[in-house]
Amino acid sequence: MFLRNYWYVAATDSEIGRKPFARTILGEPIVLFRTEGGAPVAFEDRCAHRHLPLSMGKLVGDRLQCHYHGLQYDRTGRCVRIPGQDQIPPDAKVKAYPVVERYHWLWIWMGDPALADPARITDFHWLDDADWGAKSSYLYVKSNWQLIVDNLLDLTHLAFVHESTIGNAALAEHATVKVTRAPNNVVVTRWIIDQPAPPTFVKVGGFTSNVDRWQIIDFTPPAFLRLDVGATPTGTGAPQGKRVGGITMRNLNAITPETEKTAHYFWAQAHDFDVKNAGLTQKIFEQIETAFHEDVAVFTAQQRSLDAIPNPPQVDINADTGVIQARRILDRLHTQEQAALHATAAE
Amino acid sequence: MQDADGWQRVAALADLADDAALPAKLGNRRIALYRLDGKVHALDDVCTHALALLSQGFIEGGAVECPLHGARFDIATGRCLAPPATVDLRTYEVRIEGGEVFVRAAD
């Protein structure tokens, strides 16, 4: 199940340059490149002539030239040169996708181009904000994208999957959890009061006694999860909104389905303390990266289970509230999108 | 502890909010307290469908929606309003005295 009328992260800014770059998104093979002026361009990755992926071709100025018979496409996807022939058939064109560069990511619109409003790009300003230190990365995941969304909405798993970094038993056993929902948003707020800090927090925050820790998870469809996380020495007022003497971070996640069984996982960790300290940014990043590799191993194994027995029965527990509310939103949006598509097709 | 008539103090009135349920224990039973239009209601906290805690659910229009599977119950009466649950929630008598909430464990 995919939602199409959304901006997705297609690539990091540094992945895309003057060499055509292939990436499949929502099951559609896409080629990305930059013009000589640096503007990002995305086409369907298939020559209109004999179907060779255009990503095997090369750039000639701002034109993408097919590797097979040399057809050249301008930045709108229109074929403008066929070697040895003056007439260009009107169907000699490839689909061009709207692309916007923002927050060091390249965003692609996968739906009706008429609806591609850049104002709808989800806010990830922390990646591009002088008040924050941040480092981002990419993981290729061999699982359905919704398993990653589920993971980030139920952080009790930190106690079991990530006990060497960001987890400890207190997270699962001593959290107070509040889930709030809006038509297209779920927020899970977790507070863990007067409990030991997990290993990563001790390393980067220098905590020597118990902390009040928060995890505020914001889910925005289709697959954006922005986590406000941190801790302060216990009893200093963080639950009342006064964050002093501790650390605040953002764990930022943008998941882009590749296929029904694979996903592109763009993520970043940002921090609001000692923001110019690149060594600290790196140290925090490495802690979270360790944890995320542990997650990827989980997703891959879950997908193997689901491949072996599709749609098995499953039990829901109280910690699933955020997960279930988010899936309900995604199901509703998918139904609405499909209904609108069918209505359009019927016209 | 319950008195001879089965009443037990379960919470301070000040701990109740209009938009959130307050889970409490009545003996060994998990109950949830709700405040609607200034009146306090006490109901079983465990969904009659699949044992989710309703105090973690969503309060809308005088009803509580189960956080997991969407069953809805009338807060004032405990009546089941929406599937997948089919059985009503048990309700309890409530008394407010000196800023404290007392609930009566009915037989």
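Residues numbered from 1 in each chain as written. Chains lettered and ligands numbered in written order. Predicted model: local features only at pLDDT ≥ 70, side-chain atom pairs only at ≥ 80, totals over all residues. Heavy atoms only, no water.

K.L.:
Where do I start with the overall build of chain B in this structure?
P.N.:
The helix and strand inventory of chain B stands at 0 helices and 10 strands. When the helices and strands of chain B are placed in sequence order, the string is β-β-β-β-β-β-β-β-β-β. Counting only C-alpha atoms, chain B reaches 35 × 25 × 20 Å along its principal axes. Counting the 107 residues in chain B, one finds 43% classified as buried. Of the contacts formed within chain B by residues at least 6 apart in sequence, a portion of 38% connects residues at least 24 apart. Accessible area of chain B: about 5,500 Å², with a carbon and sulfur share of 47%. Looking at chain B, you have 11 positive and 16 negative side-chain charges, and the mean spots of the two groups are 3 Å apart. (Helix = DSSP H or I, 4+ residues; strand = E, 2+ residues; numbered from the N terminus. Buried < 20%, exposed > 50% of the residue type's maximum accessible area, 1.4 Å probe, protein only. Contact = heavy atoms within 4.5 Å. Areas by Shrake-Rupley, 256 points an atom, 1.4 Å probe, with all protein chains shown as cover. Lys, Arg positive; Asp, Glu negative; His and termini not counted. Charge placed at Lys NZ, Arg CZ, Asp CG, Glu CD.)

K.L.:
Please clarify how the pattern of salt bridges should be interpreted in this entry.
P.N.:
A side chain of one charge can pair with a side chain of the opposite charge if their charged atoms are brought near each other. Within this structure, the stated rule accounts for 21 salt bridges over all chains. Among the salt bridges present, the one from Arg 78 of chain A reaches Asp 74 of chain A, with a minimum N-O distance of 3.7 Å. Sharing partners across several salt bridges, the network here consists of Arg 181 and Arg 328 of chain A together with Glu 60 and Glu 65 of chain B. (Salt bridge = Lys/Arg side-chain N within 4 Å of Asp/Glu carboxyl O.)

K.L.:
Before we go on, may I ask you to explain the pairing of strand β16 (residues 224–233) of chain A in this structure?
P.N.:
Strand residues, when the strand is regular, have side chains that alternate between the two faces of the sheet. All names here are of chain A. Counting buried positions over the 10 residues of β16 gives 9, a clear majority of the element. Bridge count between strand β15 (residues 211–220) and β16: 10 bridges; the pairing is antiparallel. Each bridged residue has a counterpart across the sheet, and for Ile 217 the counterpart in β16 is Leu 227. Between β15 and β16, which follow one another and run antiparallel, lie 3 residues. In this sheet, strand β17 (residues 247–259) lies alongside β16 in antiparallel orientation, the contact comprising 8 bridges. Following the sheet pairing, Ala 231 is matched in β17 by Ile 247. (Pairing = 2+ DSSP bridges.)

K.L.:
Just to check I follow, could you spell out unusual backbone geometry for this structure?
P.N.:
Only a minority of non-glycine residues have a phi that is not negative, and only a minority of peptide bonds are not trans. Residue Pro 221 of chain A is joined to Pro 222 of chain A through a cis peptide bond whose omega torsion reads -5°. The amide bond that connects Pro 83 of chain B to the next residue, Pro 84 of chain B, takes the cis arrangement and shows omega of 10°. Mapped onto the secondary structure, Pro 84 of chain B falls in the loop between β8 (80–82) and β9 (91–97). Of note, the phi angle at Tyr 103 of chain A is positive, near 60°, even though the residue is not glycine.

K.L.:
Would you take a moment to explain the sheet that holds strand β8 (residues 79–81) of chain A for this structure?
P.N.:
By way of backbone hydrogen bonds, the strands of a sheet pair with one another, either parallel or antiparallel. Residues and elements named next belong to chain A. An order of β5-β6-β7-β8 is seen for the 4 strands of this open sheet, with the pairing classed as antiparallel. On the outer flanks of this sheet lie β5 (58–60) and β8, each paired with one strand and no other. Here strand β6 (residues 63–65) runs beside strand β7 (residues 72–73); their pairing, made up of 2 bridges, is antiparallel. When the sheet's bridge partners are listed, Leu 64 is paired in β7 with Tyr 73.

K.L.:
Sorry if this is basic, but what is going on with the interface of chain B and chain A here?
P.N.:
How big an interface is tends to be expressed through the accessible area that disappears when the partners come together. Of the residues lining the interface, 13 residues belong to chain B; the matching set on chain A comes to 12 residues. Together, the buried faces of chain B and chain A total about 980 Å²; carbon and sulfur atoms form 40% of this surface. Sorting the residues of chain B by area buried against chain A places Gln 56, Phe 58 and Leu 68 of chain B first, and these three jointly supply 55% of that buried surface. Between the two partners, chain B and chain A, sit 3 salt bridges. (Buried area = accessible area lost by both parts, 1.4 Å probe.)

K.L.:
Which parts of the structure should I look at to understand the confidence of the model for chain B?
P.N.:
A low pLDDT means the predicted coordinates there should not be read in detail. For chain B, the mean per-residue pLDDT works out to 92, and 98% of the residues sit at or above 70. Looking across chain B, the model is least confident in strand β1 (residues 7–12) of chain B, with a mean pLDDT of 92, and most confident in strand β7 (residues 72–74) of chain B, with 97. (pLDDT = per-residue confidence, 0-100.)

K.L.:
Explain the sheet that holds β1 of chain B here, please?
P.N.:
All names here are of chain B. Taken together, 6 strands build an open sheet; the order of strands is β1-β10-β9-β4-β3-β2 and the sheet is antiparallel. Two strands lie at the open edges of the sheet, namely β1 and β2 (22–26), each paired on one side alone. The average undirected angle you get between the axes of adjacent strands in this sheet is 35°. (Axes fitted to C-alpha atoms, helices over the stretch in contact; angles between N-to-C directions.)

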